[in-house]
Amino acid sequence: MKKSIFLMAAAVGLMTTACQNFKKGDGGLEYKIVKDNGKPKIQAEDYVIYDMEVLSDRNDSLINSTFELGLPSALKIAPDSVPGRYKGDFITAFTYLGEGDSAVFRLNLDTAAAKSGQPKMPFADKYVTIKLSIRKHLSKASYNDSTASAELNKFFDAELKKLETAEPAKIEKYIASNKLQPKKTASGLQYVVTSEGKGAKPVDGDTVYVNYVGKLTSGKVFDTSIKEEAEKAKLPVNPMRTFEPIKFVLGVDPIIPAWVEGLKLINQGSKATLIIPSSQAYGANGQPQGKIPPYAPLIFDLELVKVVKGKAPEQNPQASAPAQN
């Protein structure tokens, strides 16, 4: 888990702040300092713990946000000599800041692609807007790799414990706020059938076609098979994405456990809301792409569109991977 949190790659973030009064910095990077505590600025080989958001210029869609996830990221600042780095890239943004500082940046994607030699990011047209806040700065003068790693692990252990402790209250609050009266299974899955279908219930080996909207308990939509819902939630546009019911073989193809259990509880044509504890979803690791934090309870609004009878598998492995990201 610590390795998945302690990201050593450059990430980008965003802010809904208007793009006015930006200054031109190194390599054409645009910036606006929001808060300056006067602390020493970050340098190459330093470690940082930071919060960030990323906003695409395409319909102002939110690409990523540690603020929404409730868990910051960590990074060792790569020196300029590392291949792919260039003056004015995202890593350069950190050098404007110290511990407790925050700023907004704009990164030109054409420039980034040309100077880094990497393909242009597909989720924006010309630029991304970045909000960056520094929680902790571990300078190379005070920390080596070993001591910095120990400090980072200590920090994230505490953050993970907070998320784990908060999970039951998040579920209770969602149920109360939405005035739901769900049924609960032995696994901890809770569900409400919102529209009863007339078809058969699926069993292991059947092929199912499912429409879905996946949300955090905050109401933030992180994925959906429905184009209108994606547009309403301003999800990043992926030109390769096709919006249609997801298809998989129940009990055979990898899917989070709560889906395997929940789909067996409803008939073809039914619509239901699943309230899923993290133990039946992504658990302590969260989702690698960063959309779902560790210990996150999830809400899925599902429609079991179609069931095609199949042959029961010889074994019914408990899969832990998602159906689709």
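Quick look at the structure, then. Bear in mind the structure is a predicted one, so any value in this text is a computation, not a measurement.

So, how was this worked out
- Residues numbered from 1 in each chain as written.
- Predicted model: local features only at pLDDT ≥ 70, side-chain atom pairs only at ≥ 80, totals over all residues.
- Heavy atoms only, no water.
- Phe/Tyr/Trp six-rings, centres within 6.5 Å; stacked < 30°, edge-to-face > 60°.
- Helix = DSSP H or I, 4+ residues; strand = E, 2+ residues; numbered from the N terminus.
- Buried < 20%, exposed > 50% of the residue type's maximum accessible area, 1.4 Å probe, protein only.
- Lys NZ or Arg CZ within 6 Å of the ring centre and 35° of its normal.
- Core = buried A, V, L, I, M, F, W, Y, C linked by side-chain atoms within 4.5 Å.
- Contact = heavy atoms within 4.5 Å.

**Observations concerning the packing of aromatic side chains**
Here the structure, examined in full by the defined rule, presents ten aromatic pairs. Relative to Trp-259, the ring of Tyr-212 has its centre 5.5 Å away and its plane inclined at 70°; by these criteria the two rings are edge-to-face. Placement of Tyr-212 in strand 10 (residues 207-216) and of Trp-259 in helix 7 (residues 257-263) is noted, with a sequence separation of 47 residues between them. Here Tyr-212 falls in the buried class, since its relative accessible area comes to 3%. An angle of 85° between the planes, with centres 5.2 Å apart, marks the rings of Trp-259 and Phe-300 as edge-to-face. Of this pair, Trp-259 sits in helix 7 while Phe-300 sits in strand 14 (residues 298-308), placing them 41 residues apart in sequence. Trp-259 sits in the buried class, given a relative accessible area of 3%. For Phe-300, a relative accessible area of 5% puts it in the buried group. In this structure, Lys-32 is placed above the aromatic ring of Phe-22, and the distance from its NZ or CZ to the ring centre is 4.9 Å. Looking at Lys-131, its charged tip hangs above the ring of Phe-67, at a distance of 4.3 Å from the centre.

**Topic: the nonpolar core**
Among the nonpolar cores identified, the biggest contains 29 residues, and Val-210, Phe-248, Trp-259, Leu-263, Ile-276, Leu-298 and Phe-300 are the most heavily contacted of them. Sorting the residues of this core by element identifies strand 10, strand 12 (246-249), helix 7, strand 13 (271-276) and strand 14 as the ones contributing at least two each. Looking at which element gives the most residues to this core, the answer is strand 14, with five residues. Apart from residues lying up to four places away in sequence, Phe-300 is in contact with Tyr-212, Val-213, Gly-214, Phe-222, Ile-256, Trp-259, Ala-272, Thr-273, Leu-274 and Ile-276. Within the second largest apolar cluster, 26 residues are counted, among which are Leu-29, Leu-107, Leu-109 and Ala-124.

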